[in-house]
Amino acid sequence: MDDNRSAIAQEAREAAFQAHLKMFEAKYAAALDVLQKPAPKTYADLPEHTRKWLEGKSDKELKNLDATIEFVVSSRTAGKVLAWVGGVAVMLIGYAVTTAKFGWDAFSFFRNMPR
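Our subject in this report is the structure included herewith. Fair warning: this is a prediction, and the values are worked out from it, not measured in the lab. (Residues numbered from 1 in each chain as written. Predicted model: local features only at pLDDT ≥ 70, side-chain atom pairs only at ≥ 80, totals over all residues. Heavy atoms only, no water.)

**Some thoughts on the packing of aromatic side chains**
Evaluated as defined, the whole model comprises 2 aromatic pairs. Taking 6.3 Å as the distance between ring centres and 40° as the angle between the ring planes, the aromatic pair formed by W104 and F107 counts as tilted. Here the residue W104 and the residue F107 both occupy positions in helix α3 (residues 59-111), the gap between them amounting to 3 residues, near one helical turn. (Phe/Tyr/Trp six-rings, centres within 6.5 Å; stacked < 30°, edge-to-face > 60°. Helix = DSSP H or I, 4+ residues; strand = E, 2+ residues; numbered from the N terminus.)

**Regarding the pattern of salt bridges**
Tallying each qualifying case throughout the model produces 2 salt bridges. Here R51 ties to E48 by a salt bridge, and the two come within 3.4 Å at their closest N and O atoms. A residue pair is termed a helical-turn pair when its members lie 3 or 4 positions apart in one helix, as R51 and E48 do in helix α2 (residues 48-55) at 3 residues. R51 gets classed as partly exposed once you look at its relative accessible area, which sits at 22%. Residue D105 is joined to K101 by a salt bridge in which the shortest nitrogen-to-oxygen separation is 2.8 Å. (Salt bridge = Lys/Arg side-chain N within 4 Å of Asp/Glu carboxyl O. Buried < 20%, exposed > 50% of the residue type's maximum accessible area, 1.4 Å probe, protein only.)

Below, the structure written as structure tokens:
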């Protein structure tokens, strides 16, 4: 009898898990599709609403938009470089502190060593 109840409880847990999994899949399927879709390479690859929005812009607005995109891309690159340089600087400081601590401990050990 206990085996029967255990099997029924296991089936209920499995059904609840599958229902939760389906809810998760439905919720994030659209986000995953966007991430897996390749970036558009040409004007024709852009979505229809984006093309309509771009067609309504003047040449000056398009130049400003192009400059803004270039600024964002270069800022991201600069941010990545700055993060890398900062990481290397922190690592070097950590190594310097560790080496100094080791040197101080070694000096103390050898100084107090009996002869």
